[in-house]
Amino acid sequence: MNAAFWRISACAMVVVLAVAFVIAPIGLAVAQQSDGSKKAPTDPLEKFLHQYVAHAGLPGGVVAIGDQNGGVRYAATGYASVRPNTGMTHDRQFYIGSLTKMMTAVVTLQLASEKRINLADPIGKYMPEEFRERIANGNRATIRDLLRNSSGIPDYLDGEFFFELVGRDPQHGWRNVELLPLIADRDAYFAPGTNYAASNSNFILLGVMIEAVEGDHIEAVFNRRIFEPAEMINTSFGRYPRPALLARGFDDANGDGQLEDVTDYDVGDQLADGGVISTAEDMVKFARALFVDGVLLGPNALERATTDTAFAGDGAYGYGLMIGSSDWGPVWGHDGIYFGYSAEFSWFPDQKTVVVFLSNGRALNEVPSVTSMLMTGLFGTPE
């Protein structure tokens, strides 16, 4: 998790990259030459993004800002691929990493609202029988505990074992149930409900539960329950061959300080903790479907998701949502990392505004979050 998410303050604006701009409900088309190179940016939002991406050492990125009137402003900069160089455009797809957790939580709450599950059920109730006694806290941690990262169930990504498997079989096509052996036979972090610890295993197990209850593959469930109702036409789980719209992902795979193209490594294409690919436009649609239009959750479920929280350092964690604060009021959302990609999603309920940042890399240099650097430009100086 990005610690900067929890608390966004005005003092974060006093940085060299900060650029004030006026939000307007229009899309920004990125000017490109025929060879894929870009003209010098003239729009203030694009200027900011261009400087941010360069300072962070990222290949490219896209920002979308959806305002309270339903308008959307876009900016894109950098490259969607290299060799050949292709300029970034705002309609590109990216892996959104842990932003997927918000969607897994939404489906879980939908099932609870339909009385198909109970949030007080132990997660072991939905596990294959051979794993019910092997997963620490599996018969004690409730679905609610998993949603809030308060289960104490160990993270399957602790250590290098999973990535060693990926290295040996980079296009495996991992399924949620296949990761149960990586979660099993390990010590719990703590007793359920007594503490907070981010664990990807919580959302893998929720994915197993969703597939068991629905009797269907995770992508079919998400298509039916989220992507289609929210009209997210360019959102799916990862797959081979890679979609033509997917920006190539770059990461320092060898630890040598250089970015390599890692797009074709499957580190969780079909997994409920981070396997979704989406566009900035579709993530704005997700925000409005979830927080404004009531398409995905009713008001009672949404209130519970944002108020039944676990203490998490400088903020709190609700049901698949980081619950933070700012000088402009509350902020809900998530950040995300995937091999070769990074993402931010921030919803400001008082302003009914969403900020989405998607990149086809992970920052080589330490930088604040994009959202924290845009707030004064968006909302003015806080009182």
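Residues numbered from 1 in each chain as written. Predicted model: local features only at pLDDT ≥ 70, side-chain atom pairs only at ≥ 80, totals over all residues. Heavy atoms only, no water.

Description of the overall build of the protein chain
At step 1: In terms of regular secondary structure, the protein chain is built from 10 helices and 15 strands.
At step 2: For the protein chain, restricting intrachain contacts to residue pairs at least 6 apart in sequence, the fraction spanning at least 24 positions comes to 70%.
At step 3: Only carbon and sulfur atoms are counted for the fraction: they give 49% of the accessible area of the protein chain, which is about 15,100 Å². (Helix = DSSP H or I, 4+ residues; strand = E, 2+ residues; numbered from the N terminus. Contact = heavy atoms within 4.5 Å. Areas by Shrake-Rupley, 256 points an atom, 1.4 Å probe, with all protein chains shown as cover.)

Some details on the pairing of strand E3 (residues 72–81)
Each regular strand displays side chains that alternate between the two surfaces of the sheet.
At step 1: Counted residue by residue, E3 has nine buried out of 10 residues, so it is predominantly covered.
At step 2: In this structure, E3 lies alongside strand E4 (residues 86–87), joined through two bridges in antiparallel fashion. Paired with serine 81 across the two strands is threonine 86, which belongs to E4.
At step 3: Hairpin remark: E3 followed by E4, antiparallel, with four residues in the connecting loop; positive phi at arginine 83, about 50°. (Buried < 20%, exposed > 50% of the residue type's maximum accessible area, 1.4 Å probe, protein only. Pairing = 2+ DSSP bridges.)

Section: the packing of helix H6 (residues 200–214) against helix H7 (residues 218–227)
At step 1: At a closest axis distance of 9 Å, the pairing of H6 and H7 adopts a crossing angle of 80°. What the angle tells us is that H6 and H7 run roughly perpendicular. Contact with H6, carried on its side by Gly207, Ile210, Glu211 and Glu214, involves Ile218, Val221, Arg224 and Arg225 of H7 and no other residues of that element.
At step 2: Among the residues making up the contact of H6 with H7, the classes are represented as three nonpolar, one polar and four charged. (Axes fitted to C-alpha atoms, helices over the stretch in contact; angles between N-to-C directions. Parallel < 35°, antiparallel > 145°, perpendicular 65-115°, else oblique. Nonpolar A, V, L, I, M, F, W, Y, C, P; charged D, E, K, R; others polar.)

Considerations on the environment of phenylalanine 48
At step 1: By the element assignment, phenylalanine 48 lies in helix H1 (residues 44–56).
At step 2: By relative accessible area, which is 0% here, phenylalanine 48 ends up buried.

Some words on the sheet that holds strand E6 (residues 236–237)
At step 1: Here three strands make up an open sheet; going across it, the order is E5-E9-E6 and the pairing antiparallel. A single partner strand is all that each edge strand has here, and the edge strands are strand E5 (94–95) and E6.
At step 2: For E5 and strand E9 (residues 276–278), the ladder comprises two bridges, and the chain directions are antiparallel. Bridge pairing links tyrosine 95 to isoleucine 277 in E9.

A closer look at the nonpolar core
At step 1: Counting residues in each nonpolar core, the largest one holds 95 residues, and the members touching the most others are Met103, Met209, Ile226, Met283, Phe286 and Phe345.
At step 2: Setting aside its immediate chain neighbours within four residues, phenylalanine 286 contacts Met102, Met103, Val106, Ile226, Met232, Leu296 and Phe345.
At step 3: Counting residues in hydrophobic clusters, the runner-up holds 21 residues, among them Leu45, Leu49, Leu58 and Leu374. (Core = buried A, V, L, I, M, F, W, Y, C linked by side-chain atoms within 4.5 Å.)

Here we look at the environment of aspartate 282
At step 1: Of note, aspartate 282 is situated in helix H8 (residues 280–291).
At step 2: Assessed through its relative accessible area of 0%, aspartate 282 is described here as buried.
At step 3: When the C-alpha atoms of aspartate 282 and phenylalanine 227 are compared, they prove to be 8.8 Å apart, with 55 residues separating the residues in sequence.
At step 4: In contact with aspartate 282, not counting residues within four places along its chain, are Glu231, Met232, Ile233, Asn234 and Thr235.

Things to note about the environment of serine 359
At step 1: Relative to the helices and strands, serine 359 is located in strand E15 (residues 353–359).
At step 2: It is 9.9 Å that separates the C-alpha atoms of serine 359 and methionine 88, two residues lying 271 residues apart in sequence.
At step 3: The residues touching serine 359, leaving out its near neighbours within four places in the chain, are Leu58, Gly60, Gly61, Phe94, Gly340, Tyr341 and Ser342.
At step 4: Within the structure, the side chain of serine 359 is placed 2.8 Å from the backbone oxygen of glycine 60, a separation counted as a polar contact. (Polar contact = N/O pair within 3.5 Å; in protein donor to acceptor, adjacent residues only side chain to side chain.)

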